[in-house]
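Understanding the architecture of this molecule
Here is what each chain is made of, one letter per residue.
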Amino acid sequence: MLKRKLNQQKDSLENGEPKKSFPRQGSTSDFFVEPLWLKFYETEVKLNEALDKLAPPASTPFIYNPIVYASQLHRDYLRRYMDGPKRLVFVGMNPGPNGMAQTGIPFGNVRTVKVSMQLAGPVDQPPVVHPKRPVAGLDCRTEEPSGVRLWDLFLRLAGSMQIFSRQCFVHNFCPLAFFGADGKNITPSELSGPYKRQLGDLCLETLDEQLELLRPHVIVAVGEYVHSALKRSGYCKSHFLPVLRLPHPSPRSTNNTNWPEKARAFLEENNLIRFMRNEA
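The following refers to the structure shown. (Residues numbered from 1 in each chain as written. Predicted model: local features only at pLDDT ≥ 70, side-chain atom pairs only at ≥ 80, totals over all residues. Heavy atoms only, no water.)

Brief notes about the sheet that holds strand S6 (residues 177–179)
On the basis of which strands lie adjacent, the open sheet formed by 3 strands has the order S3-S6-S7 and antiparallel pairing. Either end of the sheet is taken by a strand with one partner, and the two such strands are strand S3 (62–64) and strand S7 (185–186). (Pairing = 2+ DSSP bridges. Helix = DSSP H or I, 4+ residues; strand = E, 2+ residues; numbered from the N terminus.)

In structure tokens form, the structure reads like this:
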């Protein structure tokens, strides 16, 4: 069912998205160029199909994939803010319950998505919903603490989403949100057994493909889980790409008081704010 829905979404994009054409050198005929954001989305579709074939552990009976049920908002985020390669890419772990799990956008707390990103659209439902983890889309009234912290800081430093997105992009390593039978949020780092390794391998393989498209100069891993995963990245090794670690903004993280102040100091020390302000 997931594969069929993903293919339907991809077909509708290909039929509805106007192709950009440019004259071929030395010829009067045109050739069609697929937008970068659509190439990126196709890597996500392929990853979702691969993840759907895995057997998750019994400890995670509820798995949400907002790239599927919040596909319109997610695609609009890519379409609007991935207009070309990005010099600086931030990579988070996976959807938060009240952030991307509601909006389909990494760290996408509702206020940021509606006001700063100026995005709107319907959100469907996961196949199975835990009663303690409802999906209300942009009507969700519970803000995601991680998203509030991250986007408030980034946009305060950049000035606007339009300026920030000229050279920067925020993405998530894993598209899935996991919940236990009691509704507890389970992060990829808390998974165990073969599924954890298989999921990590597939997500890293896809991220390498995505980095080939984005061609960043610097990658910032948001949290230790992603930072450890990127140590195995073939793309980063072959391109000698620096991978920095920014502490995760989640209140669940240890020693995480004053995150905005610490994060700003990190960005200043590594000379990254120039990318965020489109001044590099």
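Digging into the nonpolar core
Tyr-77, Trp-151, Phe-154 and Phe-164 are the most contacted members of the largest nonpolar core, which totals 84 residues. Considering each element in turn, this core owes the most residues, 8 residues, to helix H2 (residues 36–52). Once residues within four sequence positions are removed from consideration, Phe-154 is found in contact with Phe-90, Phe-164, Val-170, Leu-246, Leu-267 and Met-276. (Core = buried A, V, L, I, M, F, W, Y, C linked by side-chain atoms within 4.5 Å. Buried < 20%, exposed > 50% of the residue type's maximum accessible area, 1.4 Å probe, protein only. Contact = heavy atoms within 4.5 Å.)

Some thoughts on the side chain of Glu-144
Examined against the element boundaries, Glu-144 turns out to sit in the loop between helix H6 (110–116) and helix H7 (145–158). Buried and without a salt bridge, Glu-144 has Arg-133 as its closest oppositely charged side chain, separated by 7.1 Å. Side-chain polar atoms of Glu-144 contact the backbone nitrogen of Asn-98, separated by 2.6 Å. (Lys, Arg positive; Asp, Glu negative; His and termini not counted. Salt bridge = Lys/Arg side-chain N within 4 Å of Asp/Glu carboxyl O. Polar contact = N/O pair within 3.5 Å; in protein donor to acceptor, adjacent residues only side chain to side chain.)

Focus: the environment of Lys-184
Relative to the helices and strands, Lys-184 resides in the loop between S6 and S7. When the C-alpha atoms of Lys-184 and His-130 are compared, they prove to be 9.9 Å apart, with 54 residues separating the residues in sequence. In this structure Lys-184 touches Arg-133, Phe-178, Phe-179, Glu-190 and Arg-252, once residues within four positions along its chain are discounted.

Here we look at the packing of H2 against helix H4 (residues 71–81)
At a minimum axis separation of 9 Å, H2 and H4 run at an interaxial angle of 140°. Judged on the interaxial angle alone, H4 and H2 are oblique. The handedness of the crossing between H2 and H4 is right-handed. Contacts between H2 and H4 involve Trp-37, Phe-40, Tyr-41 and Glu-44 on the former and, on the latter, Ser-71, His-74, Arg-75, Leu-78 and Arg-79. Residues belonging to the contact of H2 with H4 are distributed by class as follows: 4 nonpolar, 2 polar and 3 charged. (Axes fitted to C-alpha atoms, helices over the stretch in contact; angles between N-to-C directions. Parallel < 35°, antiparallel > 145°, perpendicular 65-115°, else oblique. Left-handed = near helix turned anticlockwise from the far one by under 90°. Nonpolar A, V, L, I, M, F, W, Y, C, P; charged D, E, K, R; others polar.)

Structural notes on the packing of aromatic side chains
Tallied over the full model, the rule gives 12 aromatic pairs. Consider the rings of Phe-90 and Phe-164, whose centres lie 6.3 Å apart with planes at 20°: the pair is stacked. In this pair, Phe-90 is assigned in strand S4 (residues 88–92) and Phe-164 in helix H8 (residues 161–167), connecting sequence segments 74 residues apart. Since its relative accessible area comes to 1%, Phe-164 is described here as buried. For the ring pair Phe-178 and Tyr-195, a centre distance of 6.2 Å and an interplane angle of 90° mean the geometry is edge-to-face. Pair noted here: Phe-178 is in strand S6 and Tyr-195 is in helix H9 (residues 193–214), with a separation of 17 residues, a long-range link. Residues Phe-178 and Tyr-195 agree in their burial class; the two are buried. An aromatic cluster of three or more residues is present, and its members are Phe-40, Tyr-77, Tyr-81 and Phe-169. (Phe/Tyr/Trp six-rings, centres within 6.5 Å; stacked < 30°, edge-to-face > 60°.)

A word on the packing of H2 against H9
To describe two helices that pack against each other, one gives the angle between their axes and the distance between the axes. Running from N to C, H2 and H9 point in directions that differ by 170°, and their axes come no closer than 10 Å. In terms of axis orientation, H2 runs roughly antiparallel to H9. Seen from H2, the contacting residues are Leu-36, Lys-39, Phe-40, Thr-43, Glu-44, Lys-46, Leu-47, Ala-50 and Leu-51; seen from H9, they are Leu-199, Leu-202, Cys-203, Thr-206, Glu-209, Gln-210, Leu-213 and Leu-214. A per-class count over the contact of H2 with H9 returns 10 nonpolar, 3 polar and 4 charged.

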